Amino acid sequence: MPTNDKELNSVFFDQLTIVERIERCLNAGGADAAKNEIEILKKEINRKLYQQPPVKSE
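Run through the overall build of the chain, naming residues and quoting values.
A count of helices and strands for the chain gives one helix and zero strands. Counting every position in the chain, which comprises 58 residues, the buried fraction comes to 7%. For the chain, the exposed area adds up to about 5,300 Å²; of that, 56% sits on carbon and sulfur atoms.

In structure tokens, the structure reads:
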């Protein structure tokens, strides 16, 4: 979890960016384009979640 307001704002901006990308795909190419964009976003997020070595060591 974010430890301060700056980190929390960063998370919200990332989420807003994702929603905006999906909206652009819906407007430009419909549901199929949005589904493709969602798959790309999932891969990007998974890459960040499972990177080696982790960003933060516990």
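More follows now that the structure is in view.
Lay out the side chain of Glu37 with the relevant residues and their values.
Mapped onto the elements of the fold, Glu37 is located in helix α1 (residues 5–49). When its relative accessible area of 12% is taken as the criterion, Glu37 is described as buried. Leaving out residues up to four positions away in the same chain, Glu37 has contacts with Arg21 and Cys25.

I'd like to hear about a nonpolar patch on the surface, residue by residue, with values.
Together, Leu8, Val11 and Phe12 make up a nonpolar patch on the protein surface, roughly 230 Å² of accessible area in all. Take Leu8: it is sitting in helix α1.

Each value, and the rule that gives it
Residues numbered from 1 in each chain as written. Predicted model: local features only at pLDDT ≥ 70, side-chain atom pairs only at ≥ 80, totals over all residues. Heavy atoms only, no water. Helix = DSSP H or I, 4+ residues; strand = E, 2+ residues; numbered from the N terminus. Buried < 20%, exposed > 50% of the residue type's maximum accessible area, 1.4 Å probe, protein only. Areas by Shrake-Rupley, 256 points an atom, 1.4 Å probe, with all protein chains shown as cover. Contact = heavy atoms within 4.5 Å. Patch = residues over 30% accessible without salt bridge, like charges linked within 9 Å, V, L, I, M, F, W, Y side chains within 5 Å. Salt bridge = Lys/Arg side-chain N within 4 Å of Asp/Glu carboxyl O.

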